[in-house]
Amino acid sequence: MNEETELLIAYLHGELPPDRVIELEARLKEDADLRRSLLELATEESELEEWAQTEHAFQPAEKVLSFPVSRWLAIAACLALALVVWWGNSYRQAYLELTSVRPTPAPAQTSPPAAMGLLVDEAAAAFADHAAPAGVQFDAGEYELTNGTAHMRLMNGVDLVFRAPIRFRLLDVMNLELIDGSLRAAVPPNAQGFTVKVPEMDFEDLGTEFGVKVNAKTRRSELHVFDGEVRVKKSGEANELASVQIGEAVHVENGSLKRERVRDSDAFPRAAEIGFQRWKIWSQTVRKDPDLLLYYSFERDGSGVTLPDVSVGTGKVEGVIRNARWVTGRWEGKQALLFDRDGDSVDLEIPGELNTFTFAAWVKQDRMNIGLIPVLNSIGWETGDVHLQIGRRRNRFSVGVSPGSIVTDHPAEMKLGQWVHLAAVVDMEKRIARTYINGELSVEKMPPAGITLSPGKCRLGAWVAAAGIRPRVRGFRGRIDEVVIWRRTLDEDELKQLIVNGRPNVLWPDNQLAQLN
Amino acid sequence: MDEPTEQFDEATIASMLIAQRAAIMAYIRACLHNHADSEDVFQEVSLVAVRSAAKLRDRKGFVPWVREISRRLILEHRRKSGRMTPLDPELVALMADTAAEVEAETPAKVRAGALQLCLEALPEDQRSMLSLRYADRRMAVEDIAKRFGKSVQATYAILKRSRQLLRSCVTKKLQHDGLA
């Protein structure tokens, strides 16, 4: 590196004394080539600084944003979308594309074949052998659910949610015959006229949400309208017998129609409760796993200020909630904590030493307001400390093991505004540290040899510089719904099961149909 | 006054800002003396650009337009900063012209991409040391030396050699790929 380059780098780092700054700036005014060199070096230095910021978590910045956060927030919404697009598309990738050394593109996903309806979610659902959908596809025919709860979406957008036992016949996308059991239907405006046929009657929707119940033995049926309006007709006839409005109900018995009190809407299953049910079953099982180090299910206890460790066994790692607020999680009725302000965190202490661990969490990130966004970090960055964080620059979830690692990026990137499953699997003996986003490999690292992990005092959702260093608070901005840490490594199949059992619904994450299991 | 040929909303401006971040940052960084100040000014520039979206006349004029916003804010920042000497407005304007020329020849994002590839080729120890030296709060060479069990002098030499390697790697790569 020649003297001039060294001089320019020292200038860029503010390391020159004032007299030499004045001297150099005078030269820069006269010398176009010197200005060019300075600009080239400024590009490289800036890139190095960005890179280093994502490599290391422990250094506070020399200063925080120079204007009030509220002003930054004014444009954050606009930037957020663009960040998602750009941060993942690093200059490295752009360079490779420019020089035509492009990585092999992922194979195009095949569209799901057309069907009359699709199973979009289920909890412990089992269909009778002779009356089951083909995988997740419903065509015209008879179906019988013998266990669990299921959510079917017809191709015209009609949502039907039902729990066992139920038997019905799907005639076409506008007509379903309910033979026995009960269901909830939500009909979008474009499917107005959708009809549920019951013994002797047709319930024709006029754009609404309603519940229908049929007792096959007594041939008694009920209609409960939760929203909008439903028209009641004699089977196969055009004339309207009655119009049932929001908050009204009727029952049909022996051919006669009678008004009755509308049932509690909860008597009919809701789509949102299916994922919640599935998760509850899984959660009760996993908390008994003897390899658990801690399990925060994010179910609010009486105090509201502690985050209970629900793992069964001794050595509980209770969290202390600092300012973070309880809000709705992945499903209605399920809680999460919102981290939205500086100082929002959960403090905890992970005792002892570890050679292996697996971390898993469900998060919904609202924005990326800083370069490194803590998820769960040791308070310091001493040897053996662990930092699990999201890097804005590469848009990836990463596990940092002090004192540093060799890093390889993989395709999986963070997504804002939707529930995302994060996982980190670390084996210090094998020198492997991998992170996963929605089950896909995100970052792979080779931690240094001879290090044993000792996370110690940690913060969830925030990181603050150690004492003596000018503080710079870094905070996760969004919701965290679940955090589990095992003392062992989980393989990729086990990680996928975490997602299958915890995803908000089967259409998650891209509103594309995902295959069950 | 010419009528704008295109209409730009805030989201479009935001995405253009991010796509051109390297070019804008190169100019800002060249006029300031540390990363944090440059980040702050970049954010100020972003804020002004997003709020003035209606003033942008066409896509081609985006970088010069943002560079002009940057020029004003750089001068303001240097004037207000107690740590830096005020910068000659003429030099800031000359830097803007030179930045446009450099960008036309080798876009900053191409140079940044080459640097990322060169970083990957650097030995692990050298990369770790560089990352400590370049992180938000630059670690003192003495502390890096302690961490790696080396003398201060040897650490200085390694850091210097690493930066030198990166510099020559970027230059060679750009030349080899016909991008400079």
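The rules behind these values
Residues numbered from 1 in each chain as written. Chains lettered and ligands numbered in written order. Predicted model: local features only at pLDDT ≥ 70, side-chain atom pairs only at ≥ 80, totals over all residues. Heavy atoms only, no water. Pairing = 2+ DSSP bridges. Helix = DSSP H or I, 4+ residues; strand = E, 2+ residues; numbered from the N terminus. Buried < 20%, exposed > 50% of the residue type's maximum accessible area, 1.4 Å probe, protein only. Polar contact = N/O pair within 3.5 Å; in protein donor to acceptor, adjacent residues only side chain to side chain. Contact = heavy atoms within 4.5 Å. Disulfide = S-S within 2.5 Å. Axes fitted to C-alpha atoms, helices over the stretch in contact; angles between N-to-C directions. Parallel < 35°, antiparallel > 145°, perpendicular 65-115°, else oblique. Nonpolar A, V, L, I, M, F, W, Y, C, P; charged D, E, K, R; others polar.

Engineer: In this structure, what is going on with the sheet that holds strand β23 (residues 386-391) of chain A? I would like to understand it.
Structural biologist: Backbone hydrogen bonds hold the strands of a sheet together, and the pairing may be parallel or antiparallel. Residues and elements named next belong to chain A. Taken in spatial order, the seven strands make up an open sheet running β16-β17-β20-β29-β22-β23-β24, and their pairing is antiparallel. The open sheet has two edge strands, β16 (306-307) and β24 (396-401), and neither has a second partner. In this structure, strand β17 (residues 319-322) lies alongside strand β20 (residues 345-350), joined through three bridges in antiparallel fashion. If you follow Val320 over to β20, its bridge partner there is Asp347.

Engineer: Sorry if this is basic, but what is going on with the side chain of Thr358 of chain A here?
Structural biologist: All names here are of chain A. Looking at the element boundaries, Thr358 is found in strand β21 (residues 356-365). On the basis of relative accessibility, which here comes to 0%, the residue Thr358 falls in the buried class. From its side chain, Thr358 meets the backbone oxygen of Arg488 in a polar contact 2.7 Å long. A distance of 2.9 Å separates a polar atom in the side chain of Thr358 from the backbone nitrogen of Leu490. Excluding residues within four positions of it along the chain, Thr358 makes contact with Ala424, Val425, Val484, Ile485, Trp486, Arg488, Thr489, Leu490 and Leu495.

Engineer: Sorry, what's going on with the state of the cysteines here?
Structural biologist: A covalent bond between the sulfur atoms of two cysteines is referred to as a disulfide. Residue and element names in this part refer to chain B. Overall, the coordinates contain one disulfide over all chains when judged by the stated rule. Sulfur-sulfur distance for the disulfide between Cys118 and Cys169 comes to 2.0 Å. Handedness of the Cys118-Cys169 disulfide follows from its S-S torsion of about -85°: it is left-handed. In this pair, Cys118 sits in helix α6 (residues 108-121) while Cys169 sits in helix α9 (residues 152-176), placing the two residues 51 residues apart along the sequence. According to the relative accessible area criterion, Cys118 is buried, its value standing at 2%. Look at Cys169 and you get partly exposed, because its relative accessible area is 24%.

Engineer: What am I meant to see in the packing of helix α7 (residues 124-134) of chain B against α9 of chain B here?
Structural biologist: Axis angle and axis distance: for two packed helices, these are the angle between their axes and the distance between the axes, and together they describe the pair. Residue and element names in this part refer to chain B. Two elements in contact, α7 and α9, have axes whose closest approach is 10 Å; the angle formed by their N-to-C orientations is 95°. Relative to α9, the element α7 is oriented roughly perpendicular. Note on element contacts: α9 touches α7 through Thr155, Ile158, Leu159, Ser162, Arg163, Leu165 and Leu166, opposite Gln126, Met129, Leu130, Arg133 and Tyr134. Of the residues assigned to the contact of α7 with α9, the class counts are seven nonpolar, three polar and two charged.

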